[in-house]
Amino acid sequence: MVNAGKRSGRPRAGEERLSREAILAAALRLVDDEGIEALTMRRLAATLGVNPMSLYHHLPNKAAVLAGLAELVFADLEQPDPGDAVPWQDQLKDAARTYRSALQAHPNLALQVLSDPAAVSDVVVVTVEPFYRALDRAGLSPRQIFESVNTLVDFIHGFTLGEAAVRAETFELAPDLLTRVRSLPAGKAPTLARIVGELGPEGLAYDFDSGFESGLTVLTTGFAAVPRRAR
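Residues numbered from 1 in each chain as written. Predicted model: local features only at pLDDT ≥ 70, side-chain atom pairs only at ≥ 80, totals over all residues. Heavy atoms only, no water.

A. How the structure looks around the overall build of the protein chain. When you go through the protein chain residue by residue, the secondary structure sums to 12 helices and two strands. For the protein chain, buried positions account for 38% of its 231 residues. Within the protein chain, contacts between residues at least 6 apart in sequence are counted, and of these 77% link residues at least 24 apart. Total accessible area on the protein chain is roughly 13400 Å²; 55% of this is exposed by carbon and sulfur atoms. (Helix = DSSP H or I, 4+ residues; strand = E, 2+ residues; numbered from the N terminus. Buried < 20%, exposed > 50% of the residue type's maximum accessible area, 1.4 Å probe, protein only. Contact = heavy atoms within 4.5 Å. Areas by Shrake-Rupley, 256 points an atom, 1.4 Å probe, with all protein chains shown as cover.)

Below, the structure is given as structure tokens:
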């Protein structure tokens, strides 16, 4: 005899309040805590205390979950147009800092979002609007804007992934670099040896925030030097 209560059609505990928002919130916690590899539909269902099949009523597959997570992370990145009152350089830097902060908040998700086209939903695409807007205001041509934005976004992605791999505010490069340079044969890489020697341990200390700002300044200065389109 079949146990009528076992498959009566009544939802399991938690399924009555299940929603797309609740599923994505749980998925984001799982990825933040354990990494992207831990995210499976079965594991997600167990976290929520529901039958795995109930997830598919809200999100059809894992790709949809990843796209939804990208929406969660990037939804607040759309920025109002500050107009001409704010220099385009400042607009560009502010947008870059905001974009980096979103990736920093969820480093386990960052690589997936950046490398998987299925995870790049519309909300991620429009987050580069402030970059396009600032460079358009700077007077670059459409092709120049496109290439400049790609360069800037690649910088932010690469920097953030490197930062996430270290998972510390500073990267202790100095001791190892000093040892290696000092052990080089005489006359080998003389410019490197001279500069590293002049900087010493304190000068070689690397701070991620300072490094990011330095990179932004270099890029923005380069964009400013690009020949302008005819008005």
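Read on, since the account is not over.
B. Here's a closer look at the nonpolar core. Among the nonpolar cores identified, the biggest contains 51 residues, and Leu39, Val65, Leu69, Phe131 and Leu152 are the most heavily contacted of them. Beyond its immediate stretch of four places on either side in the chain, leucine 152 contacts Leu92, Ala96, Phe131, Leu216, Leu219 and Phe223. (Core = buried A, V, L, I, M, F, W, Y, C linked by side-chain atoms within 4.5 Å.)

C. Looking closely at the side chain of asparagine 108. Inspection of the secondary structure puts asparagine 108 in helix 6 (residues 107-115). Under the relative-accessibility criterion, asparagine 108 is labelled buried at 19%.

D. Structural context of the environment of alanine 205. Mapped onto the elements, alanine 205 comes out in the loop between helix 11 (190-204) and strand 2 (206-207). Its relative accessible area of 48% is what places alanine 205 among the partly exposed residues.

E. A look at the pattern of salt bridges. Within the structure shown, the criterion is met by 12 salt bridges. With a closest N to O distance of 3.3 Å, glutamate 71 and arginine 20 form a salt bridge. In this pair, glutamate 71 sits in helix 4 (residues 62-74) while arginine 20 sits in helix 1 (residues 20-34), placing the two residues 51 residues apart along the sequence. Connected via shared salt-bridge partners are Asp81, Asp84, Arg133 and Arg137. (Salt bridge = Lys/Arg side-chain N within 4 Å of Asp/Glu carboxyl O.)

F. Structural view of the side chain of glutamine 91. When you line up the elements, glutamine 91 lands in helix 5 (residues 88-105). Those residues within four positions of glutamine 91 in sequence are excluded, and the remaining contacts are Pro82, Gly83, Val86, Ala134 and Arg137.

G. Quick look at helix 1. For helix 1, which comprises 15 residues, the first-to-last C-alpha distance of 21 Å matches the rise-based estimate of 21 Å (1.5 Å per residue) to within 8%. Burial in helix 1 covers these residues: Ile23, Leu24, Ala26, Ala27, Leu28, Leu30 and Val31. Count one or two residues on from helix 1 and you reach glycine 35, which has phi positive near 100°. (Expected span 1.5 Å × (residues − 1).)

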